[in-house]
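# Architecture at a glance
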Amino acid sequence: AQKVTQAQTEISVVEKEDVTLDCVYETRDTTYYLFWYKQPPSGELVFLIRRNSFDEQNEISGRYSWNFQKSTSSFNFTITASQVVDSAVYFCALSEGQAGTALIFGKGTTLSVSS
Amino acid sequence: SAVISQKPSRDICQRGTSLTIQCQVDSQVTMMFWYRQQPGQSLTLIATANQGSEATYESGFVIDKFPISRPNLTFSTLTVSNMSPEDSSIYLCSVGANTEAFFGQGTRLTVV
């Protein structure tokens, strides 16, 4: 059965610290997609990244980077030099099979960045 | 990309009443999804709505409580029936795409 585990419920850091949010997934499919979303206090879901199971290249986008490792079924998210505006709930999600199917979400990690 | 308009954005309802949430997409899509996010919790899939067929409900969700309509490829509604305070949640519709899953802004429902 498919499952997404975000073991860190809450993380608190001080501005400019680096922080890594962990995500471990379970699936029996060979084709799947992994996502990260940000949900600020306003409530909307902000798309951050999508990765398919055949692309293990790590990705960097500004202060954000993602480390996808199939060997450990992990898709971790690192924020470098965190800022107060990064404070939000971050969700990791999994979609199995063809693109466009429903997402299974982890429980989310609440990140608090203080100045 | 897809732009999703969801209405209402929020509502306060009396227990025992029903609320219908509308989801309009700016392009034709095969599948639409409805999620619930209870306070402080993650998103849980309620059902998948395909045009021209009955919605497929996830375990723990039933059609009598959450009837869904999908009259065409750009529109769907979710009704929360006979509401109780436990139904207070954010309800989101979503569509899939090749590069990301798109979400509406959500409907923040409070049942009093």
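I will try to describe carefully the structure that is included in this document. (Residues numbered from 1 in each chain as written. Chains lettered and ligands numbered in written order. Predicted model: local features only at pLDDT ≥ 70, side-chain atom pairs only at ≥ 80, totals over all residues. Heavy atoms only, no water.)

### Focus: the environment of A:Leu34
Residues and elements named next belong to chain A. Of note, Leu34 is situated in strand E5 (residues 32-39). Exposure remark for Leu34: the relative accessible area of 0% places this residue in the buried category. Excluding its chain neighbours within four sequence positions, the residues that come into contact with Leu34 are Tyr25, Ile49, Arg50, Arg51, Phe68, Phe75, Ala93 and Leu94. (Helix = DSSP H or I, 4+ residues; strand = E, 2+ residues; numbered from the N terminus. Buried < 20%, exposed > 50% of the residue type's maximum accessible area, 1.4 Å probe, protein only. Contact = heavy atoms within 4.5 Å.)

### Structural notes on the sheet that holds strand E8 (residues 75-80) of chain B
Strand pairing in a sheet takes place through backbone hydrogen bonds and is either antiparallel or parallel in direction. Residues and elements named next belong to chain B. One open sheet accounts for four strands, arranged E1-E3-E8-E7; its pairing is antiparallel. Edge strands, defined here as strands with exactly one partner in the open sheet, are strand E1 (4-7) and strand E7 (68-72). Averaged over all neighbouring strand pairs, the angle between strand axes comes to 15°, with direction disregarded. (Pairing = 2+ DSSP bridges. Axes fitted to C-alpha atoms, helices over the stretch in contact; angles between N-to-C directions.)

### Considering the pattern of salt bridges
Note that side chains of opposite charge can pair when their charged atoms are close. Residues and elements named next belong to chain A. Enumeration according to the criterion identifies four salt bridges over all chains in this entry. Notably, a salt bridge pairs Glu59 with Arg51, separated by 3.0 Å at the nearest N-O pair. By relative accessible area, Glu59 is classed as partly exposed at 29%. The salt bridge partner of Asp86 is Arg63, with a shortest N-O separation of 2.8 Å. Here Asp86 is found in the loop between strand E9 (74-79) and strand E10 (88-96), whereas its partner Arg63 is found in the loop between strand E7 (59-61) and strand E8 (64-69), with 23 residues between them in sequence. Given the relative accessible area of 24%, Arg63 is considered partly exposed. (Salt bridge = Lys/Arg side-chain N within 4 Å of Asp/Glu carboxyl O.)

### Considerations on unusual backbone geometry
Most peptide bonds take the trans configuration, and most residues that are not glycine carry a negative phi. Look at the link from B:Lys7 to B:Pro8: it is a cis peptide, with omega at -10°. For A:Lys16, which is not a glycine, the phi torsion comes out positive at approximately 80°. At A:Ala81, a residue that is not glycine, the phi angle is positive and equals roughly 50°. For A:Ala81, the position within the fold is in the loop between E9 and E10. Judged by relative accessible area, A:Ala81 falls into the partly exposed class, the value being 31%.

### So, the interface of chain A and chain B
Listed by partner, the interface residues are 19 residues for chain A and 18 residues for chain B. Both sides of the chain A and chain B interface together cover about 1400 Å² of buried area, and 58% of this is carbon and sulfur. Of all residues in chain A, A:Leu45, A:Gly100 and A:Phe105 bury the most surface against chain B, accounting for 29% of the area lost on that side. Viewed at the interface, chain B and chain A are joined by zero salt bridges. Taken together, the connections running from chain A to chain B amount to four residue pairs in polar contact (both at pLDDT 80 or more). Going through the elements one at a time, E5 and strand E6 (46-52) of chain A are the ones with two or more residues in the side of chain A that touches chain B. The element best represented in the side of chain A that touches chain B is E5(A), accounting for three residues. Split into classes, the residues belonging to the side of chain A that touches chain B amount to nine nonpolar, seven polar and three charged. (Buried area = accessible area lost by both parts, 1.4 Å probe. Polar contact = N/O pair within 3.5 Å; in protein donor to acceptor, adjacent residues only side chain to side chain. Nonpolar A, V, L, I, M, F, W, Y, C, P; charged D, E, K, R; others polar.)

### Description of the pairing of strand E3 (residues 19-25) of chain B
Where a strand is regular, its side chains alternate between the two sheet faces. All names here are of chain B. Side-chain alternation along E3 places Leu19, Ile21, Cys23 and Val25 on a buried face and Thr20, Gln22 and Gln24 on a face that remains uncovered. Direction of pairing for E1 relative to E3: antiparallel, over a ladder of four bridges. Note on E3: the bridge partner recorded for Lys7 is Gln22. By the bridge criterion, six bridges tie E3 to E8 in an arrangement that is antiparallel. The partner of Thr20 across the bridge, within E8, is Thr79.

### Section: the state of the cysteines
Residues and elements named next belong to chain B. For the structure shown, the criterion picks out two disulfides over all chains. The residue that forms a disulfide with Cys23 is Cys93, at a sulfur-sulfur distance of 2.0 Å. Handedness here is read from the sign of the S-S torsion; for Cys23 and Cys93, about 75°, the answer is right-handed. Of this pair, Cys23 sits in strand E3 while Cys93 is found in strand E9 (residues 89-95), placing the two residues 70 residues apart along the sequence. Here Cys23 falls in the buried class, since its relative accessible area comes to 0%. No disulfide involves Cys13; its nearest neighbouring cysteine sulfur is the one of Cys93, lying 17 Å away. Looking at Cys13, the relative accessible area reads 7%, which means it is buried. (Disulfide = S-S within 2.5 Å.)

These figures come from the coordinates and say nothing about function on their own.
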